[in-house]
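Working through the structure, step by step
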Amino acid sequence: MVVKVYISGISGNKEVKKRQQRVLLILDSKNINYEVIDIAEPENEEKKDFMQNNSTSSGATISDPNPRHPLPPQIFNDDVYCGDYDQFDMANEIDEMEKFLKLAPSDSEPSVTSNAELKLGNGEIHNAPQESNETKETEESKDETVPDNNESGDAKVENGEETEEKHVEENEEEADE
């Protein structure tokens, strides 16, 4: 399916020109493939008739609120009508461009797959056996410093034994008294 944008290369209406440019700019920025059909070209007379007969929105502008024929830009997906500029702009604002353009999700968004393995902080690979991770965690928790709540809170315990800092602090307190 191909998105087709019907424009007029010789429109005298500045608002129509700005709308056409904006539609093309947005499609380019979203990397959506499209075909531009200039209904002002003599060889596109049949395509112009198709656009006018199959557009259900008029593409009204401030300067022409009730046009006799639908004004460009008009957007189609192959022969399926998507909408005019106002509908396009609204779909862009609410981030539903693919829905508006009637595109399949795979048509507009590249899919990314990866076979990378997640490495944890301890050097283990994410899918390593559970047992080895548990053993490593228990060994690490033994090395952590934990405060002793029995005394002043300044004492530290490592591997189940009090540190020398506690003994030094106790001796200093006794000397101060």
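In what follows, the accompanying structure is described. (Residues numbered from 1 in each chain as written. Predicted model: local features only at pLDDT ≥ 70, side-chain atom pairs only at ≥ 80, totals over all residues. Heavy atoms only, no water.)

**A look at the overall build of the protein chain**
When you go through the protein chain residue by residue, the secondary structure sums to seven helices and seven strands. Ordered by position from N to C terminus, the α and β elements of the protein chain give β-α-β-α-β-β-α-α-α-α-β-β-β-α. Taken over 177 residues, the protein chain has a buried fraction of 31%. Relative to all contacts within the protein chain whose residues are 6 or more apart in sequence, the contacts with residues 24 or more apart total 53%. A total of about 12,500 Å² of accessible surface is found on the protein chain, and carbon and sulfur atoms cover 45% of it. (Helix = DSSP H or I, 4+ residues; strand = E, 2+ residues; numbered from the N terminus. Buried < 20%, exposed > 50% of the residue type's maximum accessible area, 1.4 Å probe, protein only. Contact = heavy atoms within 4.5 Å. Areas by Shrake-Rupley, 256 points an atom, 1.4 Å probe, with all protein chains shown as cover.)

**Focus: helix 3 (residues 85-93)**
Taken residue by residue, helix 3 has Tyr85, Phe88, Ala91 and Asn92 as its buried positions. Buried residues along helix 3 cover an arc of 125° about the axis, so they all sit on one side. For helix 3, the elements touching its buried residues are helix 1 (14-29), strand 3 (74-77), strand 4 (80-84) and helix 4 (97-100). The distance from a side-chain oxygen at the start of helix 3 to the backbone nitrogen of Asp86 is 3.3 Å, and the residue carrying that oxygen is Asp84. Once helix 3 finishes, Asp95 follows within two positions and takes phi at roughly 60°, a positive value. (Arc of directions from axis to C-beta. Polar contact = N/O pair within 3.5 Å; in protein donor to acceptor, adjacent residues only side chain to side chain.)

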